[in-house]
Amino acid sequence: VGTPSDVYYDPSNLFVARFIGSPGMNLLKGRLVGDVVHLPGVNNQISVPAAYRKPLQDAVGREGDVMVGFRPESALVSDNGPLSGEVFVTDLHGAYRLLHVHIGNGDGAEPNIVHVRSDRMANLPIGATVRFEVLPEMIRFFDPGSQKAILRDPSMPEPSLLPPGIVMEAVQ
């Protein structure tokens, strides 16, 4: 329970992460090894943000399975992004294009499709390889057994939920 923003950005469990938002949060089963989570696909991996290192180790140890979540608007198409996949479908939503990206098969060979927002003018045909990154402050982690969120270290500074370059000023 919390504000709509809290529930959207910091869901308490996998059910809420899937249910809230359209589309829901991207959720991928990964394997934590040290401070890196290896994800499905070829060489797909993310570094664990500092605020999650201790909580993840407490939850799964130095090595173990973890669910990684991120919203489509938290993923940025980038030539040097650490994640890659194949464009499966594209949807034009007026101000942006939503890419459905196949990043490999998971357990049982089910496809892993993630949603990534891109510029509306992006010309990425079906079958094209796309590289992307996820804003580290927007990555969330879940315990695959309990399905509960693994909370960030409260002693670490709170991340900004605003897009890069946007600054909010108080109105008096």
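Our structure is the block above this text.
Small disclaimer: the values here were computed from a predicted structure and weren't measured. (Residues numbered from 1 in each chain as written. Predicted model: local features only at pLDDT ≥ 70, side-chain atom pairs only at ≥ 80, totals over all residues. Heavy atoms only, no water.)

Undergrad: Explain the overall build of the chain to me, please; I cannot follow it from the model alone.
TA: In terms of helices and strands, the chain carries three helices and 11 strands. In sequence order, the secondary structure elements of the chain are arranged as α-α-β-β-β-α-β-β-β-β-β-β-β-β. The buried share of the chain, taken over its 172 residues, is 38%. In the chain, of all internal contacts separated by at least 6 residues, the share reaching a separation of at least 24 is 64%. (Helix = DSSP H or I, 4+ residues; strand = E, 2+ residues; numbered from the N terminus. Buried < 20%, exposed > 50% of the residue type's maximum accessible area, 1.4 Å probe, protein only. Contact = heavy atoms within 4.5 Å.)

Undergrad: Is there a simple way to explain the sheet that holds strand β3 (residues 45–47) in this structure?
TA: Strand pairing in a sheet relies on backbone hydrogen bonds, with the paired strands running either antiparallel or parallel. Strand order in the open sheet formed by six strands is β3-β2-β1-β4-β10-β11, and the pairing between neighbours is antiparallel. The sheet is open, and its two edges are formed by β3 and β11 (149–150), each paired on a single side. Sheet topology note: the strand β2 (residues 36–38)/β3 ladder contains three bridges and is antiparallel. Within β3, the residue paired with His38 across the bridge is Gln45. (Pairing = 2+ DSSP bridges.)

Undergrad: Looking at this structure, how should I read the side chain of Arg152?
TA: Following the sequence through the fold, Arg152 ends up in the segment after β11. What makes Arg152 buried here is its relative accessible area of 18%. Among the polar contacts listed, one links the side chain of Arg152 to the backbone oxygen of Met156, at a separation of 3.4 Å. At 2.7 Å, the side chain of Arg152 forms a polar contact with the backbone oxygen of Pro157. (Polar contact = N/O pair within 3.5 Å; in protein donor to acceptor, adjacent residues only side chain to side chain.)

Undergrad: Help me understand the packing of aromatic side chains, please; the structure alone is not making it clear to me.
TA: Given two aromatic rings, their pairing is described by the distance between the two centres and the angle made by the two planes. Taken as a whole, this structure holds three aromatic pairs when the rule is applied. Between Tyr8 and Tyr9, the aromatic rings sit 5.0 Å apart at their centres with planes inclined by 90°, giving edge-to-face as the arrangement. The ring of Tyr96 is capped by Arg117, whose NZ or CZ atom sits 4.0 Å from the centre of that ring. (Phe/Tyr/Trp six-rings, centres within 6.5 Å; stacked < 30°, edge-to-face > 60°. Lys NZ or Arg CZ within 6 Å of the ring centre and 35° of its normal.)

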